[in-house]
Amino acid sequence: MVNNNVDSLKVAEIGEQGLLQRLHQFCPSEIIGDDGAAIAWKSDRGENLVVTTDVLVDRVHFSDRTTSAQDVGWRAAAANLSDLAAMGAAPIGITVGLGLPGQTPVRWVEELYQGMVSCLNRYHTPILGGDVVRSAVITIAITALGQGSPKQVIRRSTAQPGDAIVVTGAHGGSRAGLELLLNPELKGQLTPENYQVLVRSHQRPIPRLDILPILLSLTQSDGASIRVSGMDSSDGLADAVYQMASTSGTGAIIQADKIPILPALLDWVPPAKALEWALYGGEDFELVLCLPPATARALVETLGPMSAIIGTITKETGVCLVHSAGVNHIESLTGQKGFEHFKF
């Protein structure tokens with residue numbers, strides 16, 4: 001039963017997306033809605049300042065069962081750098097807001113920061129400061145700052161019918177790694193090499209900051225703006241496609257057999273399970289991009305075999321998954337199968 005009494009409405013009743021829609025009214029409509037906010041600022045090069053914030057909470061986003069302190073730090077930094085990549089921005093630095101119970105071991109906190117720095121150093125990105133407060137549960141709130149030309153901004157809402165949909169890498173690995181970490185008895189079902197591949201996919205994701213210079217080389221030979229829509233797949237591949245199609249006023253057709261999946265995953269679980277985790281597992285931190293077909297083909301050729309064109313943006317709204325046996329509408333692309341806060 002739907003609760004129509006606004007005064008008694010609970011967050012769990014409207015879910016994460018419903019809450020975000022209500023909060024959007026308090027923000028400038030031209031800024032919100034993407035992986036970050038692109039803000040014009042005073043710069044000699046006329047670049048945008050790109051700002052994004054991500055919060056990780058103990059026992060929601062990580063736990064001692066699956067993630068060491070260093071891995072938590074790496075993942076926290078990678079998630080924010082991934083959002084910058086999804087906006088077409090190069091990182092400047094991050095700030096860290098840390099909420100801690102008083103009994104948290106100091107060593108755990110130091111290792112958390114070691115993990116963040118290990119990830120950030122790959123991209124010459126410093127920690128600029130932050131804040132530490134007492135909290136009932138460990139909470140890590142990171143704000144990442146980036147910069148990029150207004151011509152390079154990647155938005156979710158600019159996909160056009162006929163665009164090819166590109167993923168920059170394999171999906172499903174992070175969800176598989178989480179399953180293995182939650183259920184140690186499953187380790188014996190895989191070779192040691194495949195086990196490490198999947199676990200590392202979950203614990204040490206790689207933000208795709210390498211994509212922007214490649215896009216620039218493919219699309220800006222004449223100085224024109226990049227014609228690309230995109231976001232990262234941190235909430236799942238299906239969610240990313242749905243979000244871009246809905247905000248662009250378009251639809252999409254996805255070909256199931258084109259979605260790249262790690263061989264280590266396909267060697268372990270049936271194809272249907274691997275596809276489910278690829279679509280809905282989340283936290284793969286690849287980019288999902290909508291580009292003109294010729295540009296998309298050139299991008300995939302440059303990136304290599306774990307990238308792929310997986311579908312097409314359509315004029316008709318709605319998102320479909322095409323199997324070799326026919327076409328199935330995926331009702332859950334609205335977010336019902338993927339991870340969503342407040343869903344119990």
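Everything numeric in this text was worked out from a predicted model, so none of it was measured.

> Explain the UniProt feature "binding site: ATP" (unreviewed entry) in the chain to me, please; I cannot follow it from the model alone.
Look at the UniProt record and you will see "binding site: ATP" (unreviewed entry) annotated at Y113, G130, D131, R156 and S234. Note on placement: R156 falls in the loop between β5 (139-148) and β6 (164-167). If you trace the backbone, S234 turns up in the loop between β7 (229-232) and α7 (237-248). At a separation of 3.0 Å, a polar atom in the side chain of S234 contacts the side chain of D232.

> Explain the packing of aromatic side chains to me, please; I cannot follow it from the model alone.
To describe a pair of aromatic rings, you give the distance between the ring centres and the angle between the ring planes. Counted under the stated rule, the structure contains two aromatic pairs. Seen from their ring centres, W268 and W277 are 5.8 Å apart, and the 45 degrees between their planes marks the pair as tilted. Relative accessible area serves as the criterion here: at 14%, W268 is assigned to the buried category. Over the ring of Y195 we find K187, and its NZ or CZ is 4.8 Å from the ring centre.

> How do you make sense of the nonpolar core when you look at a structure like this?
Buried together is how nonpolar side chains tend to be arranged in soluble globular proteins. With 48 residues, the main nonpolar core has M116, I140, L215, L289 and L291 as its most contacted residues. Core analysis: the second largest hydrophobic core is formed by 42 residues, L198, W268, A274 and Y280 among them.

> What should I look at first to understand unusual backbone geometry in this one?
Negative phi characterises most residues that are not glycine, and trans characterises most peptide bonds. The backbone of H124 sits at a positive phi, close to 50 degrees, despite the residue not being glycine. Assignment of secondary structure puts H124 in the loop between α3 (106-121) and β4 (127-134). A positive phi angle is found at E283, which is not glycine, with a value near 60 degrees. Locating E283 in the fold gives a position in the loop between α9 (271-280) and β9 (287-291). Take E283: its relative accessible area is 23%, and that puts it in the partly exposed class.

> What should I look at first to understand α7 in this one?
An α-helix turns once every 3.6 residues. As a result, residues three or four positions apart point the same way. With twelve residues, α7 ought to run about 16 Å at 1.5 Å a step, and its terminal C-alpha atoms sit 17 Å apart, in line with that. Within α7, nine of the twelve residues are buried, which leaves the element mostly enclosed by the surrounding structure. Among the residues making up α7, those that are buried are L237, A238, D239, A240, V241, Q243, M244, A245 and S248. G249 sits one or two positions beyond α7 and adopts a positive phi of about 70 degrees.

> What is the right way to look at helix α2 (residues 69-86) in this model?
Between its terminal C-alpha atoms α2 stretches 26 Å, which fits the 26 Å expected from 18 residues at 1.5 Å a residue. Taken across its 18 residues, α2 has 17 buried, putting it largely inside the fold. Immediately downstream of α2, the backbone of G88 shows phi near 80 degrees, a positive value.

> For this particular structure, what's the right way to read the UniProt feature "binding site: Mg(2+) 4" (unreviewed entry) in the chain?
UniProt's entry tags D35, T52 and D83 with the feature "binding site: Mg(2+) 4" (unreviewed entry), counted in the numbering of this structure. Turning to its location among the elements, T52 is positioned in strand β2 (residues 48-57). Relative accessible area serves as the criterion here: at 5%, T52 is assigned to the buried category. In this structure the side chain of T52 is engaged in a polar contact, spanning 3.3 Å, whose partner is the side chain of D83.

> What should I look at first to understand the packing of helix α4 (residues 173-182) against helix α5 (residues 192-203) in this one?
When two helices pack together, their arrangement is captured by the angle between the axes and the distance separating the axes. Taken N-terminus to C-terminus, the directions of α4 and α5 make an angle of 105 degrees; their axes are 7 Å apart at the nearest point. It follows that α4 is roughly perpendicular to α5 by the angle criterion. Contacts between α4 and α5 involve G173, S174, A176, G177, L178, L180 and L181 from the former and Y195, L198, V199, S201, H202 and Q203 from the latter. Residues belonging to the contact of α4 with α5 are distributed by class as follows: seven nonpolar, six polar and no charged.

Reading the values: the criteria
- The numbering scheme is per chain: residues are counted from 1 as the chain's sequence reads.
- Residues qualify for local features only when their pLDDT is at least 70, as the model is predicted, and side-chain atom pairs are given and counted only at 80 or more; totals for whole chains, interfaces and linings, by contrast, use all residues.
- Hydrogens are left out, water is left out, and the side-chain values use all remaining heavy atoms of the structure.
- UniProt positions are given in the numbering used here, feature names are shortened, and annotations may be inferred rather than shown by experiment.
- Under the scheme used here, helices are H or I runs from DSSP no shorter than 4 residues and strands are E runs no shorter than 2 residues, and both carry numbers assigned from the N terminus.
- Pairs of N or O atoms are called polar contacts if they sit within 3.5 Å, as long as, within protein, a hydrogen donor faces a hydrogen acceptor (for residues adjacent in sequence, only side-chain-to-side-chain pairs).
- Two aromatic rings, drawn from Phe, Tyr or Trp (for Trp, its six-membered ring), form a pair once their centres lie within 6.5 Å of each other, and the interplanar angle then sorts them: stacked below 30 degrees, edge-to-face above 60, tilted otherwise.
- Using a 1.4 Å probe on the protein chains alone, a residue whose accessible area is under 20% of its type maximum counts as buried, one over 50% counts as exposed, and one in between counts as partly exposed.
- A positively charged side chain is recorded as over a ring if its NZ (Lys) or CZ (Arg) lies within 6 Å of the ring centre. The angle to the ring normal must also be within 35 degrees.
- To define a nonpolar core, start from buried Ala, Val, Leu, Ile, Met, Phe, Trp, Tyr and Cys residues and group those joined through side-chain atoms within 4.5 Å.
- By definition here, a helix of n residues has an expected span of 1.5 Å times n minus one.
- Note on geometry: axes are C-alpha line fits, over the in-contact stretch for helices, and angles between N-to-C directions span 0 to 180 degrees.
- Any angle that is under 35 degrees is reported as roughly parallel, and any over 145 degrees as roughly antiparallel; angles of 65 to 115 degrees are reported as roughly perpendicular and all others as oblique.
- In what follows, residue pairs with any heavy atoms lying within 4.5 Å of each other are defined as contacts.
- Just so you know the grouping, Ala, Val, Leu, Ile, Met, Phe, Trp, Tyr, Cys and Pro go in nonpolar, Asp, Glu, Lys and Arg go in charged, and all remaining residues, Gly too, go in polar.

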